[in-house]
Amino acid sequence: MSKMLVSKSSVNIRMTSNITALTTFMLLTGCQTLPNTMSKAIQAPANHMSASHPLTARMPQIDRQGRIAYVEEQGLGIAKVSTLYSIRPDGSDRQLIDQITGYIYAPAWSANGQLLAYSKQASREHPKIYIYDRSSKTRNLVVNVEGSNMSASFSPDGQHLLYSSTVGGNADIYEMRLSDGSTKQLTTLPSTEVQPSYAADGKSFVYTSDKVRAGRPSIYRYTFATGNAVLLSTGSYAASPQLSMDGQRMAYLNGRKAAVMTLTTAQVVNLAETGLDEPARLSPSGNYVVYPTRQSKVGGQTGKKNGGDLVIHSLLGNTSYAINSQSGGVVRSPIWGR
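Everything quoted here is computed from the prediction, not taken from an experiment.

Caption draft 1: Structural context of the overall build of the chain. A count of helices and strands for the chain gives three helices and 26 strands. Within the chain, the proportion of its 338 residues that are buried is 56%. Sequence separation of at least 24 residues holds for 46% of the intrachain contacts in the chain that already meet a minimum separation of 6. For the chain, the exposed surface amounts to about 14,100 Å²; the carbon and sulfur share of it is 47%.

Caption draft 2: Spotlight on the packing of aromatic side chains. In the structure shown here, the tally under the stated rule is eleven aromatic pairs. Between Y163 and Y174, the aromatic rings sit 5.8 Å apart at their centres with planes inclined by 15°, giving stacked as the arrangement. On the criterion of sequence distance, the pair formed by Y163 in strand β9 (residues 160-165) and Y174 in strand β10 (residues 172-177) is long-range, its members being eleven residues apart. Using a relative accessible area of 3% as the deciding quantity, one classes Y163 as buried.

Caption draft 3: Focus on the sheet that holds strand β6 (residues 128-133). Here seven strands make up an open sheet; going across it, the order is β7-β6-β5-β4-β3-β2-β26 and the pairing antiparallel. In this open sheet, the two edge strands, each paired with only one partner strand, are β7 (138-143) and β26 (330-337). Strand-to-strand twist in this sheet, taken as the mean axis angle between neighbours without regard to direction, amounts to 30°. Here strand β2 (residues 67-74) runs beside β26; their pairing, made up of six bridges, is antiparallel. By the bridge assignment, V71 is partnered in β26 with R332.

Caption draft 4: Structural context of the pattern of salt bridges. One pass over the full model with this rule turns up eight salt bridges. The shortest N-O distance in the salt bridge between E125 and K128 comes to 3.3 Å. Each member of the salt-bridge network shares a partner with another, and the members are E73, K80 and R332.

Caption draft 5: Broad picture of the pairing of strand β15 (residues 228-232). In terms of strand pairing, strand β14 (residues 218-223) meets β15 through five bridges, oriented antiparallel. By the bridge assignment for β15, I219 is matched with L232. Here β14 hands over to β15 after four residues, with G227 in that stretch at a positive phi of 75°.

Caption draft 6: Structural detail: the layout of surface pockets. Roughly 780 Å³ of internal volume is contained in the largest pocket. Taken together, 40 residues form the lining of the largest pocket, with A108, W109, S197, Q242 and I335 sitting closest to its centre. Of all the secondary structure elements, the ones that give two or more residues to the lining of the largest pocket are α1 (17-26), β4 (95-109), β8 (150-154), β12 (193-198), β16 (238-243), β20 (281-282) and β26. Of the residues forming the lining of the largest pocket, the biggest block, five residues, is contributed by β26. Along the lines of polarity and charge, the residues of the lining of the largest pocket split into 24 nonpolar, 13 polar and three charged.

Caption draft 7: Inspection of the nonpolar core at higher detail. I129, I131, V142, V143, F154, L161 and M176 are the most contacted members of the largest nonpolar core, which totals 15 residues. Elements with a contribution of two residues or more to this core: β5 (115-122), β6, β7, β8, β9 and β10. One finds I87, V290, V331 and W336 within the second-largest nonpolar core, a separate group that totals 14 residues.

Caption draft 8: A look at the sheet that holds strand β17 (residues 249-254). An order of β16-β17-β18-β19 is seen for the four strands of this open sheet, with the pairing classed as antiparallel. Two strands close off the open sheet at either side, each with one partner strand: β16 and β19 (267-273). Here the strands of the sheet are splayed against their neighbours by 20° on average, with no regard to which way each runs. Here six bridges tie β17 to strand β18 (residues 257-262), and the two strands are oriented antiparallel to one another. Paired with A251 across the bridge in β18 is V260.

Caption draft 9: Structural view of the environment of G91. Along the chain, the position of G91 falls in the loop between β3 (81-87) and β4. On the basis of relative accessible area, G91 is assigned to the buried category, the value being 1%. Taking the C-alpha atoms as reference, G91 lies 9.4 Å from I68; in sequence the two are 23 residues apart.

Caption draft 10: Region of the structure containing unusual backbone geometry. Look at D93: it is not a glycine, yet its phi comes out positive at around 55°. As for its placement among the helices and strands, D93 is situated in the loop between β3 and β4. In this model, R124 sits at a positive phi of 65°, which is unusual for a non-glycine residue. Inspection of the secondary structure assignment puts R124 in the loop between β5 and β6.

Caption draft 11: Quick look at the side chain of S325. Summarising the element assignment, S325 is placed in the loop between β25 (320-324) and β26. Owing to a relative accessible area of 8%, S325 belongs among the buried residues under this scheme. Side-chain polar atoms of S325 contact the backbone nitrogen of G328, separated by 3.2 Å.

The rules behind each value
Residues numbered from 1 in each chain as written. Predicted model: local features only at pLDDT ≥ 70, side-chain atom pairs only at ≥ 80, totals over all residues. Heavy atoms only, no water. Helix = DSSP H or I, 4+ residues; strand = E, 2+ residues; numbered from the N terminus. Buried < 20%, exposed > 50% of the residue type's maximum accessible area, 1.4 Å probe, protein only. Contact = heavy atoms within 4.5 Å. Areas by Shrake-Rupley, 256 points an atom, 1.4 Å probe, with all protein chains shown as cover. Phe/Tyr/Trp six-rings, centres within 6.5 Å; stacked < 30°, edge-to-face > 60°. Pairing = 2+ DSSP bridges. Axes fitted to C-alpha atoms, helices over the stretch in contact; angles between N-to-C directions. Salt bridge = Lys/Arg side-chain N within 4 Å of Asp/Glu carboxyl O. 1 Å grid on protein atoms, 1.4 Å probe; cavity = no way out; pocket = protein on both sides within 12 Å on 5 of 7 lines; lining within 4 Å. Points joined across faces, edges and corners; volume = space filled by probe spheres on them. Nonpolar A, V, L, I, M, F, W, Y, C, P; charged D, E, K, R; others polar. Core = buried A, V, L, I, M, F, W, Y, C linked by side-chain atoms within 4.5 Å. Polar contact = N/O pair within 3.5 Å; in protein donor to acceptor, adjacent residues only side chain to side chain.

In short, shape yes, function no, at least from these values alone.
Take a look at the structure:
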């Protein structure tokens, strides 16, 4: 990883109102209510094993043995502490990955589940992108250019990293070759382009842009072979896309609702109005999603007023359960890896 450091640019940053608006939903988000499908839900204590949860026990092995990374926040303002954890889908084996007085944004797993990229921002500093190696338990700084460096996404072969940055004064999408840190700017529009996410075949990626109407984001698919991007029809305000491994589904933020679309039919399942603009994130099999909630009501029990839970929802069985936060903090940005 020693070759992955990127030199610091001397270009000044111009943070426009559109970038600020998009960054708000792109960073740390949550939700206040659970969907109506929670009537079948169960509360999942953090120390239970998968066999104790009917929903988890039915998961395919690729989901059940994967890990969910997420951020938990405590405090406000300059006293805010953000902690990055990983946990099993049954709520067991919670592990601390990183912690900072400041913000941690948008964790993203590599395809093999061994590396985790995320942005970290200390007070009075710009967000920088780090990669955590599960095997060596080490962190490496990979993007440290002047600007807001966010929303990393690993290529399927683990050789490249997509991310958005305002290093050029505008929010655009870049691709980095991890072996030597070389970068290529992929979008050059005057609008805001953020939240890139690779397709599983590595031939394209989806991202968020407000190029049609400032402050009104839509989702596009960029194809590497042509360098062109096409609009994915989602109807209204849409952001923060993630494609399933089989390419059949897309999780995203549909207005203020965490949603999943079946791409072949354009059928949309709205899971919850998140309140803090958090999207759902798909499991490796694409049949389950995870999203955070701030004040849950699971099995008639009201969650902690200032805390939050992770909600695991089955797209097949229409059932859900919740995993408590570690220390009563606000839960944000979960991502499900292998």
